[in-house]
Amino acid sequence: MPKWGMLVDLDRCSGCRACVAACQIENNVPINTEEIVNQRRGIQWIRIERYWEGTEYPAAKVRNGAMLCQHCRNAPCEPVCPVYATYHNSEGLNTQIYNRCIGTRYCANNDPYNVRFFNYWEPQWPESYYHYLNPDVTVRSKGVMEKCTFCVQRIRRTERQAKREGRALKDGDVQPACVQACPTDALVFGDISDTGSRVSRLAQDKRHFRVLESLGTDPVVFYLKKVDPQHVGDAAKQPAAH
Amino acid sequence: MQRREFLKLAGASAAGTVLFAGCTIPQSDLLLQSPALLPEDLLAGYDQWFASVCRQCPAGCGIIVRVMDGRAKKIDGNPVHPLNLGRSCARGQAGVQALYHPDRAPQPLSASGPRGLGRFNRASWEDAGRELMARLRAAQAQPDSVVLVTEPLHGHLGMVVERFVGAYGAQHLTYETLERAPVRAAVKRVFNQDRLPDFDIANAAYVLSFGADFLSTWLSPTQYNREYGLFRQGEAGGQRRPRGTLVQVEPRLSSTGANADAWVPVRPGAEGLLALSIAQVIVSDGLGDRNAAQRMFPTPGALDPFRPDRVASATGVPAERVVQLARDFAARRPALAIGGDSAAAHTNGTLNLTAIFALNYLVGSVGVQGGVRFNPPLPLRELPQTATATSFRDWRAFVERLRTGQPRPVSLLLVHQANPVYGLPTAVGLAGALANVPFIISFSSFVDDTAAYADLVIPDHTYLESWGDYVPDPGPGYPVIGFQQPVVQPFVGSIQFGDLLLRAAQELGGSVAQALPWKSMKEALQASAAELQRLNRGSVRETTPQRFWNAALQRGGWWDAQATVPGAPPAAPQVPTQPAPATFDGDAQQYPLHLLPFPSNALYDGSLAHLPLLQALDDPISTITWATWVEVNPQTAHDLGLIGDQESDVVAVESPFGAVEAVVFVSPSVPPDVVAMPMGQGHRTFTRYATGRGANPLTLVGAREDAETGALAWASTRVRLRKIGRRVRVPIMQGNVSPIQEASWIQIAGPEKA
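Residues numbered from 1 in each chain as written. Chains lettered and ligands numbered in written order. Predicted model: local features only at pLDDT ≥ 70, side-chain atom pairs only at ≥ 80, totals over all residues.

> Which residues make up the overall build of chain A, and what are the values?
Scanning chain A from terminus to terminus reveals 6 helices and 11 strands. Whereas a compact globule of 242 residues would reach a radius of gyration of roughly 18 Å, chain A reaches 18 Å, a difference of no more than 12%. Each of the three principal axes of chain A carries a C-alpha extent, and together these read 50 × 50 × 35 Å. Classification of the 242 residues of chain A by burial places 52% in the buried group. (Helix = DSSP H or I, 4+ residues; strand = E, 2+ residues; numbered from the N terminus. Rg over C-alpha atoms; globule rule 2.2 N^0.38 Å. Buried ≥ 20, exposed ≤ 12 C-beta atoms within 10 Å, placed from the backbone.)

Quick look at the structure:
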């Protein structure tokens, strides 16, 4: 059984946000209207965090990083759900069962990566936009948490197709929407239990790290450091705001 | 034209589409609506993928579209199309929102109120067709009183339009907000090429970019992003390649600048001066190709006025920095110099780009891997393969013609997709001059700022419902034609513009009908496909035209990776060394700040402002959505007492030509004497999502133009900021979630050890 994982190469990422748009169309993420953004209740399963390193013109530098559910093997959001709406499946996905969720938001409270989103409102599209909604993905209703699923519908579809063709899944067969869109190839998805997969090999790069590793969450989203030839070490880094 | 014929056209237009090869799922996986116990329990329905071409921006990437039950669900990159190899951008992803937009013009519309307000009643096809033909026939006595305005067109629609206006005798104007004329002129002068070249970023070791925001909107951004990934962390023969270095020279930090290893803020309009200064160092220190240097600067001492210490105050770049840039550029080969966007949007825009592109010759980067490679023409001689928009200078002359009726009045104005009422500076006065045109017909899919002035709207299909083709310009270094096919039936009562023109030509008869022998755009495309089939080379080789047609549609087009430009590149040209400082509108005392408008990563030039996905997409620098902001240096903001954060001051940005309001974004991305504003908002009419939202910085711009091409110099205006005492909550994504730790979690690796 595969164990899915992802890798984000921050040195390739250009912050173009193709991943953000692709995810929203694929997963029927509600339109973040101006009103919703003003309430700071926008939903982005994957987002690009933009940090400033320094504040002075012209020395300040922009740092971009894609942040999405880290599908932690030791996920702090899972044990706190009173109704078992969030659980870890056998393929290593942190999964949200929408029709079990009663909206306590304990999971979001306990989530150190801020990648869980609560539907404060009934999602709304103009009637004609229902035509493009993905029939493979449930539209979440008001009062329910939602989050990145690693595009489980694409995983299932690809698995079924491989089965029908009587073959095993190949590395690279499964691509979540963000990975497929990413023009710089900064996002890599695959089976981390397969040491030969591209994601496993790249995760061995000397630039590898994981976010908030000290918390012991054991994420399966791996990062490769941004390279900056002028970088002088962490001591010189100033606090930055996202 | 009768309704039945209209319907026949509309119905026939989607017949004969071809599935994207290799993406079918048997009927056994029929759609079952799961009760949604677990997301992973969901069963998938039967889907089909069609290959086509994205038309959200002029790059022309290949796409595949997922269709279920006759509805387009998702757009992704076409994995075999040479430009984007399966990748896409945010704008391309939003295409389904254009197709199913709730405010598409649903059928022909006739004006029911004063022009400009966008009030329309639904009109019948009979009336619309009769009106169109009656107007065309009535004006035939004086055909040059008919003017057709389109976006810059090439390929088959370009051919059909050219032949139509040629045979009819009408005038054809093209309009694009972000004019490419200076880039084309500089490419012609420096490389003697009619087509834009392939900048081989993937294989360059060093890229020196002057203002070109190639990771966001410039020319072919998805291709460049793909190449950028390889440039940074690509492999060659299983080995990591040395990491490429990107240096961005521009007054305002763009999203490309934000990814650069170094940002060199230059004074607006001094980009060419800086390039000449770099050339001076390379030539005088003998760092580059001496033969090229001799040909480019034959007069001894011609470069002396550009010695770094002599131009430091004009460029704002210290002399030692210039020397370092020149040395790095000459040492890190292959090195590539590119320029565009704000570097081109000055009164000396073409000169700037000429000096910048010429740097490639000095370091032997022309016609080589990792440098500037040329694009050969497609082997279809009759097909227009590149298009230059009517210059801003000529647009002003046209507005003058509308206003005065000299040399002769315009009796009928036909507008397809282009939106000059939005994009032309208000100072030009197009909207007012349109009052003198007796009748205006728009063929836009949406009632936009220009269509709002129409008396009749006959809506065009969106690109996902149309037959067409696209020859990417710039291409990938070899000939490519993307084939565009309707992936779904028309969603509303629209009609493909090309088909309508062909039909009208038949009805007009005579020489017009003779010039356009095809019954439909599809037929015209098939004729060209048959020509390609006879060549028997490239990505599709088939024994019959029909088999070729099907195979080319399956793959999304035809290309020939072997047909690169043969032989040695043209010799280096002589480069002008007469300095031409940029000039600016607005007195420096009264208007102390340079205004730098910039294309929006989400909304492009404003033509995508009607799509809510893109309105809600956070900007790479400011993370602001749904609004227009003005980027102000922290020092300037402090001096003016402005704050810009989660709640921000609203300021009036005032130029000699007008004033707009914008929220303040305090940012180290601009120098103290520069403010920057995104293009894209400020539509007076453009669907529920864009109408009346934000402001258009082009309304502040005067009427200065690039001296050589007459392109609008949209970065040549000075402004001032006036605090108006209002403070608003800003729709900004920064702060949408709390930061996940106090400082950035993004870890940085220092210089790699050799």
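After presenting the structure, the write-up continues.
> How would you explain the overall build of chain B if you had to name every residue and give the values?
Within chain B, the secondary structure is distributed over 22 helices and 28 strands. Computed over the C-alpha atoms, the radius of gyration of chain B is 26 Å, within 12% of the 27 Å expected from 2.2 N^0.38 for a compact globule of 754 residues. For the C-alpha atoms alone, the extent of chain B along its principal axes is close to 75 × 65 × 60 Å. Looking at chain B residue by residue over its 754 residues, the buried ones come to 62%.

> Give a detailed account of the interface of chain B and chain A, specifying residues and quantitative values.
At the interface, 81 residues of chain B touch 82 residues of chain A. Put simply, the parts of the chain that give the side of chain B that touches chain A at least two residues each are strand E3 (71–77), helix H2 (90–93), helix H3 (95–99), helix H7 (221–233), helix H20 (612–615) and strand E28 (748–749) of chain B. Top contributing element to the side of chain B that touches chain A by residue count: H7 of chain B, with 7 residues. The class makeup of the residues in the side of chain B that touches chain A is 42 nonpolar, 25 polar and 14 charged. Bridge analysis of strand E11 (residues 226–227) of chain A against E28 of chain B gives 2 bridges, and the strand direction is parallel. From the neighbouring strand, Val227 of chain A faces E28 of chain B, where its bridge partner is Ala749 of chain B. (Contact = placed C-beta atoms within 7 Å. Nonpolar A, V, L, I, M, F, W, Y, C, P; charged D, E, K, R; others polar. Pairing = 2+ DSSP bridges.)

> Please provide a residue-by-residue account of the sheet that holds strand E2 (residues 62–68) of chain B, values included.
Residues and elements named next belong to chain B. Strands sit in the order E1-E2-E3 across an open sheet of 3 strands; the sheet is antiparallel. The two strands at the open ends of the sheet, each matched to only one other strand, are strand E1 (48–53) and E3. Going across the sheet, the axis of each strand differs from the next one's by a mean of 30°, ignoring polarity. Relative to E2, E1 is paired through 6 bridges, and the arrangement is antiparallel. Bridge pairing links Trp49 to Arg66 in E2. (Axes fitted to C-alpha atoms, helices over the stretch in contact; angles between N-to-C directions.)

> Give me the lowdown on the pairing of strand E20 (residues 480–484) of chain B, citing residues and values where you can.
Residues and elements named next belong to chain B. Burial runs high along E20: 5 of the 5 residues are buried. The alternating pattern of E20 places Val480, Gly482 and Gln484 on one face and Ile481 and Phe483 on the opposite face, and all of these are buried. Strand direction decides the pairing type here: E20 and strand E21 (residues 557–559), joined by 3 bridges, are antiparallel. When the bridges of E21 are listed, Gly482 appears paired with Gly557.

> Tell me about the domain arrangement of chain B, and name the residues and values.
All names here are of chain B. Assigned domains of chain B: these are domain 1 (10–103 + 467–495 + 518–559), domain 2 (109–176 + 389–457), domain 3 (181–373) and domain 4 (593–729). Between domain 1 and domain 4, the contact holds 9 residues from the first and 11 residues from the second. Those elements giving two or more residues to the side of domain 1 that touches domain 4 turn out to be H2 and H3. (Domains from an automatic or database assignment.)

> Before we move on, could you go through the nonpolar core and cite the residues and values that matter?
Ranked by size, the top nonpolar core spans 311 residues in total, and within it Cys19 and Leu187 of chain A together with Ile278 and Val675 of chain B carry the most contacts. Setting aside its immediate chain neighbours within four residues, Leu187 of chain A contacts Met6, Val8, Cys19, Ala66, Cys178, Val179 and Cys182 of chain A. (Core = buried A, V, L, I, M, F, W, Y, C linked by C-beta atoms within 7 Å.)

> Hey, could you go over the sheet that holds strand E8 (residues 187–191) of chain A for me, with residue numbers and the actual values?
The strands that make up a sheet are held in pairs by hydrogen bonds between backbone atoms, and each pair lies either parallel or antiparallel. All names here are of chain A. Spatially, E8-E1-E10-E9 is the arrangement adopted by the 4 strands of the open sheet, whose pairing is mixed. Where the open sheet ends on each side, the last strands, each with one partner, are E8 and strand E9 (208–209). Where E9 and strand E10 (residues 221–224) come together, 2 bridges link them in antiparallel fashion. Looking at the pairing, His208 lines up with Leu224 of E10.

> Can you lay out unusual backbone geometry for me, pointing to particular residues and giving the numbers?
Put simply, Arg333 of chain B and Pro334 of chain B share a cis peptide bond, and its omega is -5°. By the element assignment, Pro334 of chain B lies in the loop between helix H11 (319–331) and strand E14 (335–339). Residue Pro474 of chain B is bonded to the preceding Asp473 of chain B through a cis peptide linkage, with omega at 10°. Despite not being glycine, Asp218 of chain A shows a phi value in the positive range, around 55°. Its place among the elements puts Asp218 of chain A in the loop between E9 and E10.

> For the packing of helix H8 (residues 271–284) of chain B against helix H10 (residues 308–315) of chain B, give the residues involved together with the corresponding values.
Residues and elements named next belong to chain B. Direction vectors running N to C along H8 and H10 enclose 165°, while the axes themselves pass 10 Å from each other. In terms of orientation, H8 and H10 fall into the roughly antiparallel class. For the pair H8 and H10, the sense of crossing is left-handed. Together, Leu273, Leu274, Ser277 and Val281 of H8 and Pro308, Val311, Ala314 and Thr315 of H10 make up the contact between the two elements. (Parallel < 35°, antiparallel > 145°, perpendicular 65-115°, else oblique. Left-handed = near helix turned anticlockwise from the far one by under 90°.)

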